Structures are given as C-alpha cells and as structure tokens.
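Notes for the structure review
As a plain string of letters, each chain reads:
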Amino acid sequence: MPGLMFTLRTGSLWPCRLASLSSLSPVSRNASKMASDSQWLSQADREQVLMELRATGWVEVVDRDAIYKELHFKTFNQAFGFMSRVALQAEKMNHHPEWFNVYNKVQVTLTTHDCGGLSKRDIKMAKFIDKVALTM
C-alpha cells in the first residue's frame, strides 16, 4: 500500500528507563514519576494486587504478562462514553490500553509494552477502569 510507513523503534527512550534520561526531555518534571509507575511489581506486590483485581473481574492472560477484562454496558453510547473517559485518562498517564469494542461490549487488555509485562501503570489503569465502570 503506497503511503504506509512503519518505524522500528530501537532506541532506549522507553518510559521505564526515563529516570536516567530525564535531563534530555522537556517533560522531565514527570519523567521520574512515569519511570516509577512503569516498573514491574515485586512478587509480593504482584500477588496482592492481582488478587484484588481478580475480585473485580480481571483475569491474567495466558502466555502473556498482561491482564484482561470484558465489560458490558446497556448501550453503545454507554460503552463509548466509558471508552472516552478511559481514553482521556490514558492520555494523561501516557499509558494506552489495548481494547476492542462491539456495540455494548468493551474488552480491555493491559500490559506495559515498554517494560515487557505487567507494571504499576497497568494496575493504576485497571483501578481507574473499574472506578469509571461503576459510574456508568
């Protein structure tokens, strides 16, 4: 297809490494916080937060270090409204979910690609998603 362009990112400017590179970025004020949010969870923390998230319907993805949840709403408008609220938060966090929507159903997968697996940012986003879903 003419006009399509793909770029392979090979540099080391990933959020989980930003703390050491913060002086290079104009947004260095948030780099340290982003870096700490991007870090993997300790085994004890991981077990605790996954237990909490399982209680709200999240499941671990087989063969992948990620979590998944399927949400159902009354209407497409409600599902789209939910996605819009999550999208605004995702932009603020610079952490975007993988998701799929058909009519009133939204499927969400969270993982931190930059770090190669589940991180504190995924947990923060999952909790935000649960909070928004309760208000819909």
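None of the values given here were measured: they were computed from a predicted structure.

Thresholds applied
Residues numbered from 1 in each chain as written. Predicted model: local features only at pLDDT ≥ 70, side-chain atom pairs only at ≥ 80, totals over all residues. Heavy atoms only, no water. Helix = DSSP H or I, 4+ residues; strand = E, 2+ residues; numbered from the N terminus. Buried < 20%, exposed > 50% of the residue type's maximum accessible area, 1.4 Å probe, protein only. Contact = heavy atoms within 4.5 Å. Areas by Shrake-Rupley, 256 points an atom, 1.4 Å probe, with all protein chains shown as cover. Patch = residues over 30% accessible without salt bridge, like charges linked within 9 Å, V, L, I, M, F, W, Y side chains within 5 Å. Salt bridge = Lys/Arg side-chain N within 4 Å of Asp/Glu carboxyl O.

**Brief notes about the overall build of the protein chain**
The helix and strand tally for the protein chain stands at five helices and four strands. For the protein chain, the succession of helices and strands along the chain, N to C, is α-α-α-β-β-α-β-β-α. Residues classed as buried in the protein chain amount to 35% of the 136 residues present. The contacts of the protein chain with a sequence gap of at least 6 include a subset with a gap of at least 24, amounting to 62%. Here the protein chain has roughly 8,800 Å² of accessible surface; of this, 58% comes from carbon and sulfur atoms.

**Focus on a nonpolar patch on the surface**
There is a patch of nonpolar side chains on the surface, built from Phe-76, Phe-80, Phe-100, Val-102 and Tyr-103 and spanning about 510 Å² of accessible area. When contributions to the nonpolar patch are tallied by element, the ones reaching two or more residues are helix H4 (76–93) and strand S3 (98–102). Secondary-structure assignment places Phe-100 in strand S3.

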